[in-house]
Every structure is written in C-alpha cells, then in structure tokens.
Amino acid sequence: MSVYKRNGAGTYRYDFEVGGQRFVGDTGETDKRKAEAVQKRERQKARARLEAASNKFSANMTFGAACVRYMEEVGEHHVNALTTLSSLEWLQGHIGKKTLLAEIDDNKVAFVVSRRRQDFRRVGNADTPKRRVSNATVNRTCTEPLRKVLRRAETKWGAVVPRIDWPGHMLPEPKERVREATVEEEGLVMDRLDRGFDDAVLFAVLTGCRRMEIVGLTWQRVDFFNRVFTVLGKGGKSRVIPMSSAVFDLLWSVKDHDPEWVFTYEAARTDKAKGIHRGIRYRMTDMGLRTAMRRAVAAAGVENLRFHDLRHTAATRILRKSNLRVVQNLLGHSEPTTTAKYAHALVDDVRAAMDAAPPADIPADEVAYRIKSLSNNGKSE
C-alpha cells in the first residue's frame, strides 16, 4: 500500500509485504514523495534480507528436513503414501537426517544403492530361504524416491544440490513379462477362492484393474445408471471404465455387502487382537487380496501366476477383440509404447489366420501342362 499518516501525526509511515512478511515503520519524512522513496528503499532492504535468509536455508537444508517437506507437499497425497514414507525412512537411516543436501553426491548415491541391494525381501514363511531384493525394488524404493526429493528441493525450494548422474545409478531391470492365464488356470484358481476374494479376482480378470484400484473402489464411484465406474490409478489419476454385462452383474451382486466399499471379505475366524469376528464382512485390503490370490494359486497347482498377471490376462483377451488403443484406455497407460507389449496377441492371431489358410490346390492337368512346357524349354507346341 502507499505511505500514510496517522491522525495527528506529522510524518508518513510505510506498510508493505514481501515474501509473505509484513513490514511497518515510520519514514521520518513529512513530504509524501520523500516518504515513498524511503518506503522503496525499505522494501529493497527487506527483499535482500529475505533472499539472503532463503539462500542460507537452502544451502543448509538437511536431508531430514527435505524428506519431511516432500511428504507434506507430495508424498502424503500418493495412493501408496505409506510405501513412500517407508522408502524415505529407509533412506534417512542410511544417509542421515542431518546430512546436508549439498553433501549428497554420486558417491553417496552409489553407497545407498549398494546397501539397498544387500537387503533381503520376505518370501513365504520363516523357513523359506531369503532372497535379495530385485533391481526393480532397488530402483523403486531407493534411487527414484531419492531423486524425486532432491529434484524437488532444487527446482521448487532453491536448495543447493550437486549434479548427479541418475541414469547411471538405475539398475537394469528385466523386460516385463506378459503372462496370460488360460481359461483352465482361471477356473482352477477361482475354485480355491471364496468369502469375497473370488469376486475381486474375477473383477480383475474382467477389467484389468490393479490391486490397489480394486480394494480402493467405493460405491460413490460406481454408476449403475450409466454403466461406468471410476478408479484411482497411479499418481492419483482417475479413469472412467465402462461396465460390460459381466462386470455389471458382478457389481450388482455385491452392492449390499457394505455401504461404502465395493469389495469386502467375510472373516473366516475370530481374531480379538485385530477386532475381527468370524462371519462379519470387512473392507478388503491390498495385503489380504494378495495373500488370498497367492494361496489359491498354490492350492490349485498353477505355476508362475501372480495377481498382476490377471491385468495382463484381461488386456490380452480384450486386445484380441479390439485394438491397442482400446487396451491403452482401459489400462490407463499414458504412452502407447507401454501397451505395445501386448501386441504379441495380434501376432498370434495373424499366425493362426495364416495357418488356417493353406495353399490352394493346383489342378492336376495344369501341373502336367506346366511340366511339359518346361521340358520344351518354355516353347508351346
């Protein structure tokens, strides 16, 4: 605002904001123009002080402070916020909360990547041999979260961050497989599922939705009138998926199980410690669905089939009846190259069509005529 005089005062005062802070004072001038000049100088001084303080803070930002701020601004809004938090907690434990961002260089990044590669992952029960975490796990839970925190600190908060060769720290990952469940395998697994987990698995086969999209689906996002439902995918992005007749019937059959959550399960036993009682329905969790699927696959004697393969199964089956663009929209892929891995289904269809079209039979008299033409050096009689 402009300079002003209080009632009865002889000199002008200034009152302005810089960087969200308010600065108020007396110019000591009775002339308005001179008072405005004083205000201009005070504003410049305020900006200089705030900039110096900001640079000092940015130069001395610790990794712990950066992690907290990243979670508050970005991480807590992730669908898998707990996973993001766990990754940052692990990084803090190996980098140090008080380590300055300016000290995190290629050498430090290489160190934490090496330590993460040495970790083991849980597989089965306690008697199952431990396995090292995969390269993909290292990339997703160590290198990528660290890169995101440091990049935001540099680009959004003005922090001092060394130049880091991020591609050089990413570990090679095997090409994603496309495992399609056969109709027979699907039937065997479904026979081993019940209590609501069968509904969730069938929904996955019909729609290609991810586990988190399935267990997070609420009735508020199901529109029976328009025969569509909306899921929240990776990065909190939503997409609208139309209901096929089979999907409509499935959702309609479970609509009275819970007023909020679409997919629930019926408890098989009572666990007072967890507050669970036998025969009561509860919201389905990601871990619960994954465990139910794994046990059903093992009991059915089906090999090398994971829950995510149901997404591949749905995509491949739908592709055979449509095209890659349809599958891209269904799965929510932002890039068509991500969907291209399902093109093998089209190749198989072309091959099958070629095998179903054998060479046409040549009449015997035509064969005899052409052979005789060859013996006459191509001259007609």
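Here the structure is a predicted model, which means the values were calculated and not measured.

## Observations concerning the environment of A153
In this fold, A153 is placed in helix α5 (residues 135-155). A153 gets classed as buried once you look at its relative accessible area, which sits at 0%. Spatially, the C-alpha atoms of A153 and M61 are 8.9 Å apart, while their sequence positions differ by 92 residues. Sequence-distant contacts of A153, defined by excluding residues within four places in its chain, comprise M61, L101, G158 and A159.

## Side note on the side chain of N139
Mapping N139 onto the fold places it in helix α5. Assessed through its relative accessible area of 1%, N139 is described here as buried. Among the polar contacts listed, one links the side chain of N139 to the backbone oxygen of L171, at a separation of 2.9 Å. In this structure, N139 is in contact with E144, P145, H169, M170, L171 and E173, ignoring residues within four places of it in sequence.

## Focus: the sheet that holds strand β7 (residues 238-242)
Spatial ordering of the open sheet is given by β5-β6-β7, a layout of three strands whose pairing is antiparallel. Looking at which strands have only one partner, the edges of the open sheet turn out to be β5 (222-223) and β7. Two elements, β5 and strand β6 (residues 228-232), share two bridges in a ladder whose sense is antiparallel. When the bridges of β6 are listed, D223 appears paired with V228.

## As for the pairing of β7
In β7, alternate side chains face the same way, and those of R239 and I241 are buried while those of S238, V240 and P242 on the opposite face are not. Bridge count between β6 and β7: five bridges; the pairing is antiparallel. Paired with V228 across the strands is P242, a residue of β7.

## A word on the packing of aromatic side chains
All told, the structure shown has ten aromatic pairs when counted by the stated rule. Ring geometry for F203 against F229: centres 5.3 Å apart, planes inclined by 50°, an arrangement best described as tilted. Of this pair, F203 sits in helix α8 (residues 197-207) while F229 sits in strand β6, placing them 26 residues apart in sequence. Put simply, the rings of W219, F224, F248 and W252 pair up and form one aromatic cluster. Lying over the aromatic face of W90, R116 brings its terminal NZ or CZ to 5.6 Å of the ring centre.

## Things to note about the packing of α8 against helix α11 (residues 286-300)
Running from amino to carboxyl end, α8 crosses α11 at an angle of 85°, the nearest separation of the two axes being 10 Å. One element, α8, and the other, α11, form an angle in the roughly perpendicular class. Along the contact surface, α8 presents F197, A200 and V201, while α11 presents G288, L289, A292 and M293. Taken together, the residues that form the contact of α8 with α11 break down as six nonpolar, one polar and no charged.

## A look at the layout of surface pockets
Think of a ball as big as a water molecule: rolled over the atoms, this probe shows where empty space is left. The computed volume of the second largest pocket comes to approximately 680 Å³. Taken together, 20 residues line the second largest pocket, and the ones lying closest to its centre are R195, F197, Y265, R269 and R295. Taken together, the residues of the lining of the second largest pocket break down into ten nonpolar, three polar and seven charged.

## Topic: empty space enclosed by the protein
By the definition in use, this model includes one cavity of 30 Å³ or more. By volume, the largest cavity is sized at about 70 Å³. Surrounding the largest cavity, A181, E186, V189, M190, V201, V205, M293, L305, L310, T313 and R317 form its lining. Counting residues per element, the ones that place at least two in the lining of the largest cavity are α7 (183-191), α8 and α12 (308-319). Counted by class, the lining of the largest cavity contains eight nonpolar, one polar and two charged residues.

## Things to note about unusual backbone geometry
Here the phi dihedral of R227 falls at roughly 55°; this positive angle occurs in a residue that is not glycine. Given a relative accessible area of 34%, R227 falls into the partly exposed group. Positive phi values are uncommon outside glycine, yet N304 reaches one of about 55°.

## Thoughts on the pattern of salt bridges
Per the stated rule, a full pass over the model turns up 16 salt bridges. Between D119 and R116 there is a salt bridge, with the nearest N and O atoms lying 2.9 Å from each other. Using a relative accessible area of 22% as the deciding quantity, one classes D119 as partly exposed. Owing to a relative accessible area of 13%, R116 belongs among the buried residues under this scheme. With its nearest N and O atoms 2.8 Å apart, the salt bridge here joins E186 to R317. On the criterion of sequence distance, the pair formed by E186 in helix α7 and R317 in helix α12 is long-range, its members being 131 residues apart. Each of the salt bridges in this network shares a partner with another, and the network as a whole consists of R69, E73 and R152.

Rules used throughout
Residues numbered from 1 in each chain as written. Predicted model: local features only at pLDDT ≥ 70, side-chain atom pairs only at ≥ 80, totals over all residues. Heavy atoms only, no water. Helix = DSSP H or I, 4+ residues; strand = E, 2+ residues; numbered from the N terminus. Buried < 20%, exposed > 50% of the residue type's maximum accessible area, 1.4 Å probe, protein only. Contact = heavy atoms within 4.5 Å. Polar contact = N/O pair within 3.5 Å; in protein donor to acceptor, adjacent residues only side chain to side chain. Pairing = 2+ DSSP bridges. Phe/Tyr/Trp six-rings, centres within 6.5 Å; stacked < 30°, edge-to-face > 60°. Lys NZ or Arg CZ within 6 Å of the ring centre and 35° of its normal. Axes fitted to C-alpha atoms, helices over the stretch in contact; angles between N-to-C directions. Parallel < 35°, antiparallel > 145°, perpendicular 65-115°, else oblique. Nonpolar A, V, L, I, M, F, W, Y, C, P; charged D, E, K, R; others polar. 1 Å grid on protein atoms, 1.4 Å probe; cavity = no way out; pocket = protein on both sides within 12 Å on 5 of 7 lines; lining within 4 Å. Points joined across faces, edges and corners; volume = space filled by probe spheres on them. Salt bridge = Lys/Arg side-chain N within 4 Å of Asp/Glu carboxyl O.

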